[in-house]
2 protein chains.
Amino acid sequence: MQYQAPANDLRFLLFDVLGVDRLHELEKYADATPDLISAVIDEAGKLAAEVIQPTNQVGDRQGCQYDPETREVTTPDGFREAYTRFVEGGWTALDAPLQYGGQGLPHTLKFVVDEMVCSTNLSLGMYPGLTHGAITALYAHGSEELKDTYLEKLISGQWTGTMCLTEPQCGTDLGLIRTRATPNDDGSYAIEGTKIWITGGEHDLVDNIVHLVLAKLPGAPDTTKGISLFVVPKVLADSGDRNPVFCGGLEHKMGIKGSATCVMNFEGARGWLVGEPNDGMRAMFTMMNEARLMVGMQGLGLAEMAYQESLGFARERLQSRSPSGPRNPDGPADPIIVHPDVRRMLMRQKVLNEGMRALALFTGHKLDLSVAHGDGSVRESADDLVQLLTPVVKSFLTDEGFNNANTGLQVLGGSGFTTDWPLEQLVRDGRIARIYEGTNGIQAMDLVGRKLGLKGGQLVRTLFTEMTSYLKENPQAPHREELKGAIRSLESATVWIASNAPGDPEQAGAAASPYLRLMALTVIAYLWSRMAGVAQAQLEAGGGNRPLLEGKLVSARFYFEKLLPEIQWLQQDIESGKDSLMAFGDDHWSA
Amino acid sequence: MQYQAPANDLRFLLFDVLGVDRLHELEKYADATPDLISAVIDEAGKLAAEVIQPTNQVGDRQGCQYDPETREVTTPDGFREAYTRFVEGGWTALDAPLQYGGQGLPHTLKFVVDEMVCSTNLSLGMYPGLTHGAITALYAHGSEELKDTYLEKLISGQWTGTMCLTEPQCGTDLGLIRTRATPNDDGSYAIEGTKIWITGGEHDLVDNIVHLVLAKLPGAPDTTKGISLFVVPKVLADSGDRNPVFCGGLEHKMGIKGSATCVMNFEGARGWLVGEPNDGMRAMFTMMNEARLMVGMQGLGLAEMAYQESLGFARERLQSRSPSGPRNPDGPADPIIVHPDVRRMLMRQKVLNEGMRALALFTGHKLDLSVAHGDGSVRESADDLVQLLTPVVKSFLTDEGFNNANTGLQVLGGSGFTTDWPLEQLVRDGRIARIYEGTNGIQAMDLVGRKLGLKGGQLVRTLFTEMTSYLKENPQAPHREELKGAIRSLESATVWIASNAPGDPEQAGAAASPYLRLMALTVIAYLWSRMAGVAQAQLEAGGGNRPLLEGKLVSARFYFEKLLPEIQWLQQDIESGKDSLMAFGDDHWSA
C-alpha cells in the first residue's frame with residue numbers, strides 16, 4: 001500500500017488550529033507563507049511515497065553489511081539513490097541557517113517532514129536525522145573556523161554527521177566515559193577510545209562523515225563535568241587524508257536494520273574542540289534536545305503508516321457479519337471494519353495519532369516562537385513549554401507510536417505477524433525509539449527531576465496558564481468539564497510531587513513515568529478540545545472538508561470518553577508514592 | 001542466563017493458596033500427591049533449563065527450512081534431540097488418559113509444565129502443544145476405532161498432531177471454509193483443499209503427523225453448521241502408505257521461527273470422520289478451548305523469562321548513583337536496580353506475572369475439579385468458572401505477557417534491542433500469542449457475547465459468589481476495600497452490558513475488550529488478596545520462606561496501589577457505550 005501523507009490533517013492543524021500560517025509575519029520566517037508551507041507538505045509527501053517508501057522493505061531484508069577487511073559498511077540497495085534524491089530536493093537544508101546554505105524555514109516544517117520520512121523508512125531517515133543534530137551543535141557551539149569548515153557540506157547533505165556518546169561501560173551515565181583527547185601541537189587533539197551504538201558511524205551514502213565525539217581531556221574531572229566535545233571527521237577537510245577513525249563492526253538488532261549502528265574505534269584520530277573545555281555536556285544537550293523531538297516524530301510516523309495499513313486491511317478483509325445485520329449482502333461476508341472491536345482498534349490509532357501530531361506540532365510551533373518572536377515574554381513562555389514538553393513528546397509519542405503499530409498489527413491478525421505485510425517491521429523498527437536518545441524512563445526523570453524545578457516551577461505554571469486561559473476565553477470549549485478535570489489531576493499530582501520530592505528524591509523517581517504520561521494526556525486533551533472547537537465553528541459556518549471536520553468531533557468524543565479517563569489511574573499511582581517500589585531488599589526479587 | 005523455574009512460587013500457590021495438594025483426595029487424581037506434584041515441578045524445571053532452553057536461540061536464528069523438491073521441512077539443530085528427551089521423560093503423557101498410556105495427572109500440572117516449556121522455547125513447545133489438542137479432540141469425539149488407532153502413539157509422542165482450520169479466505173469466520181470431503185467406498189473420505197498457518201503441519205521430529213481437519217461434506221450448509229472434522233494422517237496407519245497431504249511452503253514470520261507454520265495441500269488425502277457429520281465446530285471447540293488456555297501459558301512463560309533476564313541485568317549493570325546516595329560506593333556507579341523507575345518496571349513484571357500465574361492455576365484447578373470432584377454442584381460451579389475464564393486467561397496473559405516482555409527489554413535499554421540478548425526474541429515470539437487460537441478481540445466477544453449469557457447469566461454469578469464468599473469468610477482479607485471496589489466496578493459493568501447489549505449487539509462488541517480486562521484485573525485482585533492473606537498468616541506463625549512471604553505482601557500492595565486502579569478507566573470506557581466507535585462513515589476514516 002502506498003503511503004499517503006496526512007496532508008489534510010496537517011493543513012487543518014497548522015493553519016486552522018495552531019496558527020503556523022502566521023509565522024511569516026515574523027521577520028525570521030518571512031518566507032514561510034501558507035502557500036510555501038502547503039507546497040512543503042505536498043512535495044515531502046510525494047517524496048516519501050514515491051522515493052523513500054520503496055526502499056523500506058529491502059532495507060530490512062538486506063540490512064547493512066560490514067566488511068572486516070576494509071572496515072567499510074554497505075547500505076541496502078536503493079539507499080544511496082533515495083538519499084541523493086532527498087539531498088537534491090534540498091530537504092537536509094530545510095530549517096538550517098541561511099548563512100551556510102540552509103533555507104531557514106520554521107522548525108515546525110522539519111517536524112512535518114520528519115514524520116513523513118519516518119513513516120516510509122525510519123532507517124534511511126536516521127542518516128540525515130543525526131546529521132541535523134551535528135549541524136545544530138556545531139552552529140551553536142563551534143568556532144567560526146569550524147563552522148566554515150563543516151556546516152555548508154553538512155547542510156547540503158554532501159557529508160553526514162554522527163553523535164558519539166555511548167561506550168560499552170556507559171550509556172545513561174556519561175560521567176563514566178573513557179575516551180581520551182590528548183592535545184597535539186597544532187591545536188588539534190588525538191582522540192583515542194571506543195564508542196558503540198553510533199548511528200551512521202560508517203556507510204556508503206557520502207564520502208565524508210563528521211563525528212561529534214564526547215571525550216575527556218587530560219586531568220579532567222571524573223564526572224560529567226569533565227567531558228568535552230570534539231569534531232572528528234572521517235576525512236580531514238584540509239588534506240583529504242583519511243583520519244584514523246574506523247568502524248569495528250555493526251550491531252545486530254531487532255529492527256532499523258538499514259540503519260548502520262556501528263562500533264567506532266578512534267585510533268588517535270585528529271579532532272577539534274567544540275566550545276569550551278569540559279563543557280561538552282551542554283553542547284551534547286543541544287544535539288540531544290533536538291534529537292529527542294525527532295525521535296518523537298519517529299514514533300508518530302510509524303504509527304501513521306500502521307494506521308493506513310490496518311485501515312486498508314480492515315476495509316478489504318471479508319470475515320463474518322456485522323452484529324447489526326449484513327452490510328455487504330452480496331459478498332460472502334462483511335469487511336471486518338463493521339465490528340465494534342475492530343473499530344476500537346482503528347479509532348485508538350487514529351485519535352491518538354492525531355492527538356500526538358497536535359502535541360508535536362504545538363511544541364514545534366512554540367520552538368519557532370521561542371527563537372523568532374519579537375516579544376521577549378512570548379519567546380520566554382514559548383521556550384518554557386518547549387523545555388517542559390520535549391521529554392513528553394519523546395516518550396509519549398514513542399510509547400504510543402509503538403503501541404499503535406502493535407494495534408495495527410493486531411487488526412491484521414495472523415497476516416500481521418507474517419513478513420508479507422509491513423506491520424511487523426513497523427513494530428520492530430519502532431521498538432528502539434523508546435530507548436535511544438535517553439530511555440523513556442530517563443525522559444520522565446528529566447521532566448520531574450529537572451524541568452519541574454527550573455525557574456522555581458515556572459515551566460509548568462506556563463503550561464497551566466496556557467490551558468486555563470483557553471478555558472477562560474472559550475466558555476463553550478468542547479468537553480470543557482473533562483478537560484478541567486484533567487487539569488485538576490495534573491495540578492494535584494504536581495503539588496504532590498512538589499510537596500514530597502524535595503525531601504526525598506526517590507519520590508520523584510517513583511512518580512516520574514506516570515506523571516509524564518498524565519501531562520501528555522492532559523495537553524492532548526487541551527489540543528483535542530481546541531481541534532473540536534475549530535471543527536465545530538467551521539461546520540457551523542458551512543465550510544471546509546466536512547468528513548474531516550465531522551471526524552474531528554467524533555474523535556474528540558472518543559478521546560474524552562475512552563482514553564482520557566486513564567488520568568485517574570495515573571494520579572492514584574503517583575500519589576500512592578514510592579513505598580511499594582522501594583520496599584524490596586536483595587532477597588525478595590527471586591525468593 | 002540459565003532459566004530458573006519459579007518452583008517456590010508454584011509450591012506456595014498450588015499448596016498454600018489454591019489447595020491443589022488436596023486433589024489426590026479425589027479418586028481420579030489419587031496419584032497426585034504433594035510429593036509427586038513437587039517432583040513434577042522440579043523435574044520439569046530441570047528439563048526446561050538443561051534440555052529445552054539451549055535450543056531457543058538457534059531455533060530463532062536458523063528457523064525451519066522447506067525443501068520444495070521433497071516438500072519436507074527440517075527443524076533447527078537440536079530440536080529433534082530435545083523433543084526426544086521430552087518424549088522419553090513422559091511429558092507428552094502427563095495429563096493424558098490412562099487407558100491409552102497417559103499418566104492421568106491433573107491438568108493444573110500440565111499448565112505448570114506448559115509455562116516452563118514456553119519460557120525456554122516457545123517454538124519447540126508448539127509441536128507437543130498442538131498434539132495435545134488433537135489427543136483431546138479424538139478422545140472426546142472419535143470412535144473407538146479411531147482412538148485405538150491414534151491415541152497411544154500421539155500420547156507417547158511417537159507421532160504429533162495438528163489443527164487444520166484456517167484457509168486463505170477464512171480465519172475467524174470458519175463458515176467460509178472451502179476444503180471438501182468426498183466419501184470413498186471404504187467409509188473414508190477424500191479430502192481436497194488448502195489450509196494455511198498450520199503449526200507443525202510438516203517437520204522432521206517424528207515419522208507420522210496426524211492432522212485434524214475441518215472440511216465440508218457434499219451438500220453441507222454454507223455456514224459453520226456445515227463443517228465436519230476429519231482425521232487425516234500423513235502416513236496411513238494400516239498400510240504405511242504416504243497419504244497425499246503435502247506441505248506447500250512455510251510462512252515467514254516475525255517470531256516463533258523454529259515452529260513450522262505450514263501451507264498444507266490436501267490432494268485427495270484419505271481422512272476419517274471424527275464425531276457426527278456437520279458437527280465439526282463442537283469438536284473444534286474442544287481442541288480450541290484447551291489450546292486457548294495453553295496459549296495463555298505461553299504469554300506467561302515468555303514474561304517470566306523476560307523478568308529473570310531483566311532482573312539479572314538490573315543487578316549487574318552499573319550506571320549512575322541512587323538518588324538517595326551511593327549504594328555501591330567502591331564501584332564506579334550503582335547497579336541500576338537502585339532507581340525507582342527501574343524498580344517500577346521490575347515490580348510490574350513480577351507482580352503481574354505472579355498474578356497471571358495465580359489466575360491461570362486457579363482456572364486449571366477448577367478444570368480439574370470440574371472433571372474429578374464427587375459433588376455435582378462443585379463440578380458445575382467449577383465448570384462455570386473454567387468456561388468464563390478461558391477467554392480471560394488467553395487474552396490477558398498474552399497481552400500482559402507481551403507487555404511484560406517489552407518491559408523487560410526496556411530495562412536493558414539499548415542492549416535489549418540487540419540480538420546479543422534474548423529479550424528481543426521473547427518480544428517477537430510473544431507477539432503471535434495475542435493473535436492465534438482466536439485473536440484477543442474474539443476472546444473478548446466470546447466472553448461478552450456468549451459466556452455472559454450462558455445459563456441465564458449463571459457463569460458470572462458463580463464468579464461473584466466465589467469472590468463475595470471469600471470476603472464474607474475473611475473479614476480481615478488484605479486490601480479488602482479495594483477488592484470490594486473492584487467487584488463493584490465489575491458488577492456495574494456487567495449490569496450495564498446486561499441492560500444495553502440485548503437490544504443492540506454492537507454494544508456488546510464495543511464493551512468486550514475493556515470488560516475482559518476489567519474481569520481479569522478483578523479476579524487477580526481477589527487472588528492477590530488471598531495470596532497476601534496466606535503470606536500474612538504464615539509470617540505470623542513464624543514459618544516458611546520469609547523473603548517470599550514478605551515479597552507477597554509488598555507485591556500485593558503494589559498491585560492494589562499501582563495496577564488495580566486501571567479498573568475505573570475501564571468501567572468508564574465500557575459505560576460510555578458504542579457511539580464514538582460506530583459514528584464514522586466510510587468517508588471519515590481518511591478524510
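Procedures and definitions
- Residues numbered from 1 in each chain as written.
- Chains lettered and ligands numbered in written order.
- Predicted model: local features only at pLDDT ≥ 70, side-chain atom pairs only at ≥ 80, totals over all residues.
- Heavy atoms only, no water.
- Helix = DSSP H or I, 4+ residues; strand = E, 2+ residues; numbered from the N terminus.
- Rg over C-alpha atoms; globule rule 2.2 N^0.38 Å.
- Buried < 20%, exposed > 50% of the residue type's maximum accessible area, 1.4 Å probe, protein only.
- Contact = heavy atoms within 4.5 Å.
- Areas by Shrake-Rupley, 256 points an atom, 1.4 Å probe, with all protein chains shown as cover.
- Lys, Arg positive; Asp, Glu negative; His and termini not counted.
- Charge placed at Lys NZ, Arg CZ, Asp CG, Glu CD.
- UniProt positions renumbered as here; feature names shortened; annotations may be inferred.
- Buried area = accessible area lost by both parts, 1.4 Å probe.
- Salt bridge = Lys/Arg side-chain N within 4 Å of Asp/Glu carboxyl O.
- Polar contact = N/O pair within 3.5 Å; in protein donor to acceptor, adjacent residues only side chain to side chain.
- Nonpolar A, V, L, I, M, F, W, Y, C, P; charged D, E, K, R; others polar.
- Least-squares fit on C-alpha atoms with pLDDT ≥ 70 in both.
- Pairing = 2+ DSSP bridges.
- Axes fitted to C-alpha atoms, helices over the stretch in contact; angles between N-to-C directions.
- Parallel < 35°, antiparallel > 145°, perpendicular 65-115°, else oblique.
- Arc of directions from axis to C-beta.
- Expected span 1.5 Å × (residues − 1).
- Bend = angle between axes of the 7 residues up to and from the residue.
- Core = buried A, V, L, I, M, F, W, Y, C linked by side-chain atoms within 4.5 Å.

Chemist: Hey, could you run me through the overall build of chain A in this one?
Modeler: Across its full length, chain A carries 19 helices and 9 strands. The C-alpha atoms of chain A give 24 Å as radius of gyration, which agrees with the globular expectation for 591 residues (25 Å, within 12%). Along the first, second and third principal axes, the C-alpha atoms of chain A reach 80 × 65 × 60 Å. Out of the 591 residues in chain A, the part that is buried amounts to 66%. Within chain A, counting contacts between residues at least 6 apart in sequence, those at least 24 apart form 73% of the total. Element-wise, carbon and sulfur atoms account for 49% of the exposed surface of chain A, whose accessible area totals about 19900 Å². Charge centroids of chain A, computed over 53 positive and 75 negative side chains, lie 5 Å from each other.

Chemist: I keep staring at the UniProt feature "domain: Acyl-CoA dehydrogenase/oxidase N-terminal" (unreviewed entry) in chain A and nothing clicks. Help me out?
Modeler: The feature "domain: Acyl-CoA dehydrogenase/oxidase N-terminal" (unreviewed entry), as annotated in UniProt, sits at residues 76-158 of chain A in this numbering. Annotated as residues 76-158 of chain A, this span is 67% helix and 0% strand, and its ends, taken at the C-alpha atoms, are 19 Å apart.

Chemist: When you look at the interface of chain B and chain A in this model, what are you seeing that I'm missing?
Modeler: By a frequent convention, interface size equals the accessible area lost on bringing the separate parts together. On the chain A side, the residues contacting the 96 residues of chain B number 96 residues. Here chain B and chain A share an interface that buries about 8500 Å² over both sides, 57% of which is from carbon and sulfur atoms. When the area that chain B buries against chain A is broken down by residue, the three leading residues are Phe 417, Trp 569 and Trp 589 of chain B, summing to 11%. Linking chain B with chain A are 8 salt bridges, by the criterion used here. The interface formed by chain B and chain A holds 56 residue pairs in polar contact (both at pLDDT 80 or more) in total. Sorting elements by how many residues they give to the side of chain B that touches chain A places helix α17 (residues 546-563) of chain B first, with 11 residues. Partitioning the side of chain B that touches chain A into residue classes produces 39 nonpolar, 32 polar and 25 charged.

Chemist: Sorry, what's going on with the relation of the copies chain B and chain A here?
Modeler: Relating one copy of the chain to the other takes a rotation about an axis and a shift parallel to that axis. For these two chains of identical sequence, chain B goes onto chain A by a turn of 180 degrees and a shift of 0.0 Å along the axis, with RMSD 0.0 Å. One copy is carried onto the other by what is essentially a two-fold rotation axis. The fraction of interface residues of chain B whose copies in chain A are also interface residues reaches 100%, indicating that both copies meet through the same surface.

Chemist: What exactly am I supposed to notice about the pattern of salt bridges here?
Modeler: Any two side chains of opposite charge can pair, given that their charged atoms come close. Residues and elements named next belong to chain A. What the rule picks out here adds up to 80 salt bridges over all chains. Arg 357 serves as the salt-bridge partner of Asp 9, at 2.7 Å between the closest nitrogen and oxygen. Of this pair, Asp 9 sits in helix α1 (residues 7-18) while Arg 357 sits in helix α9 (residues 340-372), placing them 348 residues apart in sequence. Side by side, Asp 9 and Arg 357 carry an identical accessibility label, which is buried. Measuring nitrogen to oxygen at the nearest pair gives 2.9 Å for the salt bridge that ties Lys 195 to Glu 167. With Lys 195 in strand β5 (residues 189-199) and Glu 167 in the loop between β3 (160-164) and β4 (180-183), this pair connects stretches of sequence that are 28 residues apart. You'll find Lys 195 and Glu 167 in the same group, each marked buried. Connected through salt bridges with shared partners, the residues Asp 9, Glu 115, Glu 304, Lys 350, Glu 354, Arg 357 and Lys 552 form a single ionic network.

Chemist: Would you explain the environment of Cys 164 of chain A in this entry?
Modeler: Residues and elements named next belong to chain A. If you trace the backbone, Cys 164 turns up in strand β3. Overall, the relative accessible area of 0% leaves Cys 164 in the buried class. Distance from Cys 164 to Trp 197, taken between C-alpha atoms, is 8.2 Å for residues 33 residues apart in sequence. In this structure, Cys 164 is in contact with Lys 195, Ile 198, His 211, Leu 212, Val 213, Leu 214 and Phe 266, ignoring residues within four places of it in sequence.

Chemist: Can you help me understand the pairing of strand β6 (residues 209-215) of chain B in this one?
Modeler: It is a general feature of regular strands that their side chains alternate between the two faces of the sheet. Residues and elements named next belong to chain B. Along β6, 7 of the 7 residues are buried, which leaves the element largely enclosed by surrounding structure. Neither face of β6 is left uncovered, since the one carrying Ile 209, His 211, Val 213 and Ala 215 and the one carrying Val 210, Leu 212 and Leu 214 both have all their residues buried. The pairing of strand β3 (residues 160-164) with β6 spans 5 bridges and is parallel. Looking at β6, one finds that Thr 162 is bridged to His 211. For β6 and strand β7 (residues 228-233), the ladder comprises 6 bridges, and the chain directions are antiparallel. Within β7, the position partnered with Val 213 by the bridge is Phe 230.

Chemist: Explain the packing of helix α18 (residues 566-575) of chain A against helix α18 (residues 566-575) of chain B to me, please; I cannot follow it from the model alone.
Modeler: The description of two packed helices rests on the angle between their axes and on the distance between the axes. Where α18 of chain A meets α18 of chain B, the axes come as close as 7 Å, and the angle between the chain directions of the two elements is 170 degrees. The angle between α18 of chain A and α18 of chain B falls in the class roughly antiparallel. Of the residues in α18 of chain B, those in contact with Glu 566, Gln 568, Trp 569 and Gln 572 of chain A of α18 of chain A are Glu 566, Gln 568, Trp 569 and Gln 572 of chain B. Across the contact of α18 of chain A with α18 of chain B, the residue classes tally to 2 nonpolar, 4 polar and 2 charged.

Chemist: What is the right way to read unusual backbone geometry from this model?
Modeler: Backbone geometry follows two general trends: most residues other than glycine have a negative phi, and most peptide bonds adopt the trans configuration. The backbone of Glu 437 of chain A shows a phi angle near 55 degrees, a positive value even though the residue is not glycine. Turning to its location among the elements, Glu 437 of chain A is positioned in the loop between α12 (423-431) and α13 (440-450). One non-glycine residue, Arg 71 of chain B, lies in the positive phi region at around 60 degrees. As for its position among the elements, Arg 71 of chain B is in the loop between β1 (65-67) and β2 (72-74). Judged by relative accessible area, Arg 71 of chain B falls into the partly exposed class, the value being 28%.

Chemist: Honestly, helix α4 (residues 79-88) of chain A in this entry has me stumped. Any pointers?
Modeler: Because each turn of an α-helix spans 3.6 residues, side chains separated by three or four positions in sequence point in the same direction. All names here are of chain A. Residues of α4 that are buried: Phe 79, Ala 82, Tyr 83, Phe 86 and Val 87. Down the axis of α4, the buried side of the element spans an arc of 140 degrees, and every buried residue falls inside it. Away from the buried face of α4 by more than 90 degrees, exposed residues Glu 81 and Glu 88 are located. Those residues of α4 that are buried lie in contact with α2 (34-52), α3 (56-62), α5 (107-120), α6 (122-141) and β3. Of the residues trailing α4, Gly 90 is marked for its positive phi of about 80 degrees.

Chemist: Just checking my understanding: could you explain helix α7 (residues 144-156) of chain B for this structure?
Modeler: Residues and elements named next belong to chain B. In a regular helix each residue adds 1.5 Å, so 13 residues correspond to 18 Å; α7 covers 18 Å between its end C-alpha atoms and thus fits that length. Maximum bend of α7: about 35 degrees, positioned at Tyr 150. For α7, the set of buried residues is Leu 146, Lys 147, Tyr 150, Leu 151, Leu 154 and Ile 155. On its buried face, α7 is in contact with α6 (122-141), β3, β6, β7 and β9 (261-274). One or two positions beyond α7, positive phi appears at Gly 157, with a value near 85 degrees.

Chemist: How should I be thinking about the nonpolar core in this particular structure?
Modeler: Generally speaking, nonpolar side chains in soluble globular proteins are found buried as a group. One finds Tyr 515, Met 519 and Tyr 559 of chain A together with Tyr 515, Met 519 and Tyr 559 of chain B to be the most contacted residues of the largest nonpolar core, which totals 416 residues. Setting aside chain neighbours within four positions, we find Met 519 of chain A in contact with Leu 388, Leu 389, Val 392, Leu 447, Val 460, Leu 463 and Leu 490 of chain A.

Chemist: Hey, could you run me through the environment of Val 206 of chain A in this one?
Modeler: All names here are of chain A. Position of Val 206 among the secondary structure elements: in the loop between β5 and β6 (209-215). The class for Val 206 is buried, based on a relative accessible area of 8%. Along the backbone, Val 206 and Phe 560 are 354 residues apart, and their C-alpha atoms lie at a distance of 48 Å.

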